[in-house]
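The residues making up each chain are set out below.
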Amino acid sequence: MEYETMRQMLGLPSLLEIPSLLVIEPHPDDNEVGAGATIKRLTERGVHVAYLTVTDGRAGTEDPSVTAEEMVRIRMGERQRVNQLLGVEVSFNLGFEDGGDWSEHQLMMTLVPLIRQFRPAMVMTVDPWTPYESHPDHVKTGKAVAASLIYAKNGVALKGQGDPYDVPQIAFYGSAYPNQFIDVSDTWSNKLEAMQAHTSQFDLPNWPLVSGFLTEEAARLYREHFGMEKTGYVEAFKVLSSMQLHFFPEAVRS
Ligand SMILES: [Zn+2]
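Residues numbered from 1 in each chain as written. Predicted model: local features only at pLDDT ≥ 70, side-chain atom pairs only at ≥ 80, totals over all residues. Heavy atoms only, no water.

**Re the pairing of strand β2 (residues 48-55)**
Then, number 1: In terms of burial, β2 is a largely internal element, 7 of the 8 residues being buried.
Then, number 2: Pairing between strand β1 (residues 20-25) and β2: 6 bridges, direction parallel. Paired with E25 across the bridge in β2 is T53.
Then, number 3: Regarding the hand of the β-α-β motif, the stretch spanning β1, helix α2 (residues 30-44) and β2 is right-handed.
Then, number 4: Alignment of β2 against strand β3 (residues 90-96), held across 5 bridges, turns out to be parallel. Pairing of T55 across the sheet is with F96, part of β3.
Then, number 5: One crossover worth recording links β2 to the parallel β3 by way of helix α3 (residues 68-86), and it is right-handed. (Buried < 20%, exposed > 50% of the residue type's maximum accessible area, 1.4 Å probe, protein only. Helix = DSSP H or I, 4+ residues; strand = E, 2+ residues; numbered from the N terminus. Pairing = 2+ DSSP bridges. Right-handed = clockwise from strand over helix to strand, strands pointing away.)

Structure below.
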């Protein structure tokens, strides 16, 4: 069997063809860093996009004079402004402590009923299996989201908390093993604008370095996948069917 075609064998549409998307981020800015330009492309196409933010973002400063409460308030405001820029319809913060000692299991138990309620065509989150990813919030979030897909469709697990639902596909951003390359040349500037609207995180002296690096990387991926002679930008994702999330070692090469 050619596992490259597993999603096609299941008749699953590509990322740009889905009708609805639930994007789950560890902190209130990760969705833009990982997928902001793609999300703008999707909402322009009329795709329903909802966000869940796992943590409150309180650790998003190195300035000890800023209180946790202030930081949370600032970042909630930034999240709302950015949602408007990108056309995100619905957004909730789950209120887990940024850098706190919550567990992957606790998060999964929170996510399963929400996924059963949203019933998206695809869930997107950060790739927890990218080598060297060391932020516990990112690792726990990515793994909890993937595990949630397994239990969301199970009629016995979390019984009484919504009707079971099988999310057909999952997309990971920030992946070392991408298999879908989205041409985001037309919305690249929207991504950078959205990132900068997270003022507390990116309106900083190192912004030219951060944005320059991301832009060069996106242009390199574009040349690699759409032709050396052209100029454009790409965001890359690892997209898997839900069945590839369990007992499926070939998924890494898919
Ligand atoms: Zn983060």
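Text resumes after the structure shown.
**Remarks on the pattern of salt bridges**
Then, number 1: Following the criterion strictly, the structure yields 9 salt bridges and no others.
Then, number 2: E17 serves as the salt-bridge partner of R45, at 3.3 Å between the closest nitrogen and oxygen. In this pair, R45 sits in the loop between α2 and β2 while E17 sits in the loop between α1 (6-9) and β1, placing the two residues 28 residues apart along the sequence.
Then, number 3: Its relative accessible area of 52% is what places E17 among the exposed residues.
Then, number 4: The partner of D29 in a salt bridge is R75, with the nearest N and O atoms 3.5 Å apart. Taken together, the positions of D29 in the loop between β1 and α2 and R75 in helix α3 put the pair 46 residues apart, joining distant regions of the chain. As far as the burial class goes, D29 and R75 line up, both buried.
Then, number 5: Salt bridges sharing partners connect three or more residues here, namely E25, E32 and R79. (Salt bridge = Lys/Arg side-chain N within 4 Å of Asp/Glu carboxyl O.)

**Structural notes on the sheet that holds β3**
Then, number 1: Overall, mixed pairing links the 7 strands, which are arranged β3-β2-β1-β4-β5-β7-β6 in an open sheet. Each of the sheet's edge strands pairs with one partner strand only, and the pair in question is β3 and β6 (180-183). This sheet shows a mean twist of 25 degrees between the axes of neighbouring strands, independent of strand direction.
Then, number 2: The pairing of strand β4 (residues 122-126) with strand β5 (residues 169-173) spans 5 bridges and is classified as parallel. Note on β5: the bridge partner recorded for V123 is I170.
Then, number 3: Helix-sheet contacts for helix α4 (residues 104-118) involve β1, β2 and β3, and the interaxial angle to β3 is about 160 degrees. (Axes fitted to C-alpha atoms, helices over the stretch in contact; angles between N-to-C directions. Contact = heavy atoms within 4.5 Å.)

**Re the coordination of the zinc ion**
Then, number 1: Coordination of the zinc ion by the protein involves H27 (ND1), D30 (OD), D30 (OD) and H138 (NE2), with metal-donor separations of 2.1 to 2.4 Å.
Then, number 2: Coordination at the zinc ion comes from 4 donor atoms whose angles at the metal span 55 to 140 degrees, giving a geometry best classed as irregular.
Then, number 3: Positions of the donor residues of the zinc ion, expressed as sequence spacing, correspond to H-x2-D-x107-H. Comparing H27 with D30, the two get one shared label, buried. (Donors = N, O, S within 2.8 Å, 3.2 Å for Na, K, Ca; no water. Tetrahedral: all angles 85-135°; square planar, octahedral: opposite > 155°, others 65-115°.)

**Topic: α3**
Then, number 1: In this model, α3 (19 residues) spans 27 Å end to end at C-alpha, consistent with the 27 Å of a helix rising 1.5 Å per residue.
Then, number 2: Looking at the buried residues of α3, the elements they touch are β1, α2, β2, β3, α6 (188-197) and α7 (199-202).
Then, number 3: Just downstream of α3, G87 is the residue with a positive phi angle, here 80 degrees. (Expected span 1.5 Å × (residues − 1).)

**A word on the layout of surface pockets**
Then, number 1: Space inside the largest pocket adds up to approximately 610 Å³.
Then, number 2: When contributions to the lining of the largest pocket are tallied by element, the ones reaching two or more residues are α2, α6, α8 (207-226) and β7 (234-241).
Then, number 3: Take the lining of the largest pocket: its biggest share by element is 6 residues, from α8.
Then, number 4: When its volume is computed, the second largest pocket comes out at roughly 500 Å³.
Then, number 5: No other element matches α8, which puts 3 residues into the lining of the second largest pocket.
Then, number 6: Here the residues of the lining of the second largest pocket sort into 7 nonpolar, 7 polar and 5 charged. (1 Å grid on protein atoms, 1.4 Å probe; cavity = no way out; pocket = protein on both sides within 12 Å on 5 of 7 lines; lining within 4 Å. Points joined across faces, edges and corners; volume = space filled by probe spheres on them. Nonpolar A, V, L, I, M, F, W, Y, C, P; charged D, E, K, R; others polar.)

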